[in-house]
2 protein chains.
Amino acid sequence: MKKRQVSDRIRVKRIPERGIYGREDINKIFDETFLCHISFVMDGQPFIIPTAFGRKEDVIYIHGSSKSRMLLHLESGADLALAVTHVDGLVLAKSLFHHSMNYRSVVLYGKACLVTDKNEKMEALKIISEQILKGRWNEARLPNEIELKATTVLKIQIDEASAKVRTGPPGDDKKDLDLEVWSGILPMYVGFGEPIKDSSSSIDELPQSILKKMDNG
Amino acid sequence: MKKRQVSDRIRVKRIPERGIYGREDINKIFDETFLCHISFVMDGQPFIIPTAFGRKEDVIYIHGSSKSRMLLHLESGADLALAVTHVDGLVLAKSLFHHSMNYRSVVLYGKACLVTDKNEKMEALKIISEQILKGRWNEARLPNEIELKATTVLKIQIDEASAKVRTGPPGDDKKDLDLEVWSGILPMYVGFGEPIKDSSSSIDELPQSILKKMDNG
């Protein structure tokens, strides 16, 4: 295995001690969500689009309509930057200056390439689906030929990526520690509400995918 | 008031009926969070950085260390794209192809400019702070001269922005409606956990800002 490259582009500049470059830590940050934001350049202008993704090993898959402008542009080999961000809590210090957030974020730089092999395309769609809701792939009707053709899947190699993480309590100045201000952390998380059955659904029992998600949060 | 401009850059291309251009609807989407992702171009490459923001009227404020690369770059008049995204639920259809998400997202295109006036800078920091946790500004120690100098505040005019929204049940094909698959919505939300008091804090009673946040979600 080659030594992990830490290019200038991914080296964390501000508060470098928050920088993380290990692939396992980065993968964990990817795997706790399915939403990313992708940035790219068209005619010199920056664009940004939120989209779902799935990860397997060193690859991020994204998908969408075969008519999607973003996918067509990225498919042509354009550079992209992809970000995933979790806000874990508000850091409430005694001074406003030291207010902060606990967060975990990853930025991945690279290029996308089109998945053309039919088996890999199906597998990629499963990976994205499973990232969004584990187990759902086996509960619903699989994509047919026409649906597969209407869908573009791209893959991005996780090669140049870095994470930035803040955890722990507020970092107040010593001189502020005696101020009579409540300080601490207000944790934040993504929650799931009561499932809403569609009127077309005759099945009352919740599927395993949802039951597991609601158990595990 | 001039007629709202819908430039080609902000017109929603994929599924145009999900496009929203009204300022009030856009503001509501901004105001339900404090996290945005900002995309910009340096040396032809796309970059993306998550950051906090605050909105007042037609202006988005962001802030950070006066040494922040992103802020220095944006301050110089670079184009940016700023995105805010809420995922409101997973849309679970009977076919995997019609799986989707309910979401509300805004993308704003523009340029940032440096806030130099001291009063406006202080007011902008308050707007950002209040967007993150309403009421906190009056509970903690205000920024002093040195802290203000170490902080850069930029403002972005909300001029060219559009929202994309999906709500409602799955949109399955008619031929799939009889499939024995549970279909519906799994709602998602951002939750707040039990506050964790810092060891330096002698006050047990939670501040009003947190109490209100936990009441309102």
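Refer to the preceding data block for the structure.
This structure is a prediction, so every number in the text was calculated from the model and none was measured. (Residues numbered from 1 in each chain as written. Chains lettered and ligands numbered in written order. Predicted model: local features only at pLDDT ≥ 70, side-chain atom pairs only at ≥ 80, totals over all residues. Heavy atoms only, no water.)

### Regarding the nonpolar core
Across soluble globular proteins, nonpolar side chains show a tendency to be buried alongside one another.
Logical step 1: Membership of the largest hydrophobic core comes to 65 residues, with the highest contact counts inside it found for F30, L74 and L82 of chain A together with F30, L74 and L82 of chain B.
Logical step 2: Those residues within four positions of L82 of chain A in sequence are excluded, and the remaining contacts are F30, C36, H37, I38, I60, V106, V107, L108 and I156 of chain A together with I48 of chain B. (Core = buried A, V, L, I, M, F, W, Y, C linked by side-chain atoms within 4.5 Å. Buried < 20%, exposed > 50% of the residue type's maximum accessible area, 1.4 Å probe, protein only. Contact = heavy atoms within 4.5 Å.)

### Section: the environment of S183 of chain A
Residues and elements named next belong to chain A.
Logical step 1: Assignment of secondary structure puts S183 in the loop between β9 (160-166) and β10 (184-192).
Logical step 2: For S183, a relative accessible area of 0% translates into the label buried.
Logical step 3: Separated by 88 residues in sequence, S183 and S95 place their C-alpha atoms 9.1 Å apart. (Helix = DSSP H or I, 4+ residues; strand = E, 2+ residues; numbered from the N terminus.)

### Some thoughts on the relation of the copies chain A and chain B
Logical step 1: Overlay of chain A on chain B (RMSD 0.0 Å): rotation 180°, translation along the axis 0.0 Å. Taken together, the rotation and translation relating the two chain copies correspond to the operation of a two-fold axis. Taking C-alpha positions as reference, the residue of chain A nearest the rotation axis is V190 of chain A, located at 2.3 Å. (Least-squares fit on C-alpha atoms with pLDDT ≥ 70 in both.)

### A word on the interface of chain A and chain B
Logical step 1: At the interface, 90 residues of chain A touch 90 residues of chain B.
Logical step 2: Both sides of the chain A and chain B interface together cover about 7300 Å² of buried area, and 66% of this is carbon and sulfur.
Logical step 3: Linking chain A to chain B there are two salt bridges.
Logical step 4: At the junction of chain A and chain B, the tally comes to 34 residue pairs in polar contact (both at pLDDT 80 or more). (Buried area = accessible area lost by both parts, 1.4 Å probe. Salt bridge = Lys/Arg side-chain N within 4 Å of Asp/Glu carboxyl O. Polar contact = N/O pair within 3.5 Å; in protein donor to acceptor, adjacent residues only side chain to side chain.)

### A few points about unusual backbone geometry
Logical step 1: Here the phi dihedral of D43 of chain A falls at roughly 50°; this positive angle occurs in a residue that is not glycine.
Logical step 2: Along the chain, the position of D43 of chain A falls in the loop between β2 (35-42) and β3 (45-52).
Logical step 3: Judged by its relative accessible area of 82%, D43 of chain A falls in the exposed class.
Logical step 4: A positive phi angle, close to 50°, is found at E57 of chain B, a residue other than glycine.
Logical step 5: Inspection of the secondary structure assignment puts E57 of chain B in the loop between β4 (54-56) and β5 (59-65).
Logical step 6: Given a relative accessible area of 60%, E57 of chain B falls into the exposed group.

### Concerning the environment of E120 of chain B
Logical step 1: Along the chain, E120 of chain B turns up in helix α3 (residues 118-132).
Logical step 2: When residues no more than four places from it in sequence are discounted, the contact partners of E120 of chain B are Y61, V115 and K155 of chain B.

### Side note on α3 of chain B
Logical step 1: In this model, α3 of chain B (15 residues) spans 21 Å end to end at C-alpha, consistent with the 21 Å of a helix rising 1.5 Å per residue.
Logical step 2: Capping the start of α3 of chain B is the job of one residue whose side-chain oxygen sits 3.1 Å from the backbone nitrogen of N119 of chain B: D117 of chain B. (Expected span 1.5 Å × (residues − 1).)

### Notes on the pattern of salt bridges
Opposite charge on two side chains allows them to pair when their charged atoms are near.
Logical step 1: Overall, the coordinates contain 32 salt bridges over all chains when judged by the stated rule.
Logical step 2: For R23 of chain A, the salt bridge goes to D58 of chain A, with nearest N and O atoms at 3.5 Å. Taken as a pair, R23 of chain A in helix α1 (residues 23-31) and D58 of chain A in the loop between β4 (54-56) and β5 (59-65) lie far apart in primary sequence, 35 residues in all.
Logical step 3: A relative accessible area of 9% means that R23 of chain A is categorised as buried.
Logical step 4: Classification of D58 of chain A by relative accessible area gives partly exposed; the value is 33%.
Logical step 5: With a closest N to O distance of 3.9 Å, E123 of chain B and K56 of chain B form a salt bridge. Taken together, the residues E123 of chain B in helix α3 and K56 of chain B in strand β4 connect sequence positions 67 residues apart.
Logical step 6: In this structure K56 of chain B comes out as partly exposed when scored by relative accessible area, which is 39%.
Logical step 7: Through salt bridges with shared partners, one network takes in R141 and E147 of chain A together with D173, K175 and D176 of chain B.

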